[in-house]
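# Coordinates in review
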Amino acid sequence: MESGSVFDPVSPMAHTISTVFIIVLIIASAVFLLVAGLVTFVIIRYRARPGQGDPKQWEGNLKIELTWTGLTLLVLLGLFGLTVFTMDDASPATASEQPDIVVVGHQWWWEVRYPAANVVTANEIHIPSGQRLLLQLESADVIHDFWVPQLSRKMDMIPGNSNKLWIAANTPGLYLGACAEFCGPQHAWMRLRVYADPPEQFSAWLADQAQLAPLPSDALAQRGQQLFQEQTCVSCHAVTPNPTENKVGPNLAHFASRATIATGVLTNTPANLALWINQPQDVKPGVRMPNMKLDVEQIQALVAYLETLQ
Ligand SMILES: [Cu+2]
C-alpha cells in the first residue's frame, strides 16, 4: 500500500508530530466554532429592530477582557509546551553518530549514498523496517527540503552544511515523500520513494546494489552500452554503484530496478524511457539533461542497454 499522509504515521517520530497536529486541529476548531458561534448569536440576538433607538453604549469590561486574555494565554502556553516536547521526540539527540544514509538534494533529484556498503543510488531510498536510521542531508546546489510525512519530520537540505534526521518505519511498505522547499521550476517533480523492507530483504537489496549489473549479452543492448559511452551520457551518469567521482546526473547502475524515471515524472517502462531519452526537455522542462538529438535506432539501443541495469 502506498500513502503519504501525515495522518497515517508509521514511526515514533512521525507519530508524535501527527498527534500534536491533531490536538492543535481540535483546539483551533473549538476556538473557531466558539468565536463564530458567539458572533452569529450576537448578530441575530442583538440585531436592529424597527422602531428601536440606539442600544445602551458600553465602554470596556475588565472582567470579560481579563477572561479572554487569560484563556487565550493558557491555550497558547499549553500548545507551546506540547510543541517543545514534540520537538524533542521528533528529533532525538544525534551526538556524533555516523549517518546510515547520506541524501544529497540536486535540482531536481535525490542522490542516495550508503557509506558503509559503498553504494550510490538515486530517487529511491530503501531502509530496513523496524529500525531507526540516521540520515545526513546535504545539497549540491540550492536549498531543498526532505519530507516523508509518515516516517519523520521535514528538514532542509542546505548547500555547504549537513543536517541530521532520524527516520524509521515500523512496518514494511512504500512511503512517498517530496521536496518541500521551492527549489526551481521542476520542484514539483522532485518526488521521493522510501521502501521499508523486512531486514533480510533490505540486506539482500543492498548487497545486490553493491554489485555491477550483469553485462548486456544481446547485440542491441551491447550497442546501447557503446552509445552510452560515446554520446557523453557517461559524463553525467555513473553506471557503477560505487563511482569515485560525483556526477551531475543520477547513478544508473541499477536504474532498471527503479519504479519511476526522472524523479517521479514517468513510470519506468521501455516506452517512457525512450520518450525520456529522446526529449528530456519536453518531459521535464529545464531539466539538467539536454536533448541529445539521437535517432530512433540509437534510442532503441540505449533503452535496451538501460533495461539490463537491474
Ligand atoms: Cu524543491
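This is a predicted model, so every value here is computed, not measured.

How each quantity is defined
Here the residue index of a chain counts from 1 through its sequence in written order. Where local features are concerned, this predicted model is filtered to residues with pLDDT of at least 70; where side-chain atom pairs are given and counted, the filter is 80 or more; whole-chain, interface and lining totals use all residues. Neighbour density around each residue's C-beta defines its exposure: 20 or more other C-beta atoms within 10 Å make it buried, 12 or fewer make it exposed, and counts between make it partly exposed, where C-beta atoms are placed from the backbone. By definition, any uninterrupted DSSP run of H or I lasting at least four residues is a helix, any uninterrupted run of E lasting at least two residues is a strand, and each is numbered from the N terminus. This arc describes the spread of directions from the helix axis toward the C-beta atoms. Distance between backbone-placed C-beta atoms decides contact: two residues are in contact if it is within 7 Å. Reported domain spans reflect what an automatic or database domain assignment gives. Note on residue categories: nonpolar means Ala, Val, Leu, Ile, Met, Phe, Trp, Tyr, Cys or Pro, charged means Asp, Glu, Lys or Arg, and polar means any other residue, Gly included. When buried Ala, Val, Leu, Ile, Met, Phe, Trp, Tyr and Cys residues are joined through C-beta atoms within 7 Å, the set is termed a nonpolar core.

Turning to helix α6 (residues 270-278), a few remarks are in order. Along α6, the residues that are buried comprise L273, W276 and I277. Taken down its axis, α6 places every buried residue within 95 degrees of arc, on the same side. Packed against the buried residues of α6 are β12 (260-261), β13 (266-267), α7 (280-283) and α8 (296-307).

Let us look at the domain arrangement of the protein chain. The domain boundaries assigned to the protein chain delineate domain 1 (1-48 + 61-198) and domain 2 (219-307). Distance from the C-alpha centre of domain 1 to the C-alpha centre of domain 2: 33 Å. In this assembly, 16 residues from domain 1 lie in contact with 17 residues from domain 2. Those elements that provide at least two residues to the side of domain 1 that touches domain 2 are β4 (119-122) and β11 (191-197). The element that contributes the greatest number of residues to the side of domain 1 that touches domain 2 is β4, accounting for 4 residues. Of the residues belonging to the side of domain 1 that touches domain 2, the class tally is 8 nonpolar, 5 polar and 3 charged.

Counting 38 residues, the largest nonpolar core has V103, L151 and V194 as the members making the most contacts within it. Among the elements that take part in this core, strand β3 (residues 109-114) stands out by supplying 4 residues, more than any other. Ranked by size, the runner-up nonpolar core spans 19 residues in total, among them A253, F255, I261 and I277.

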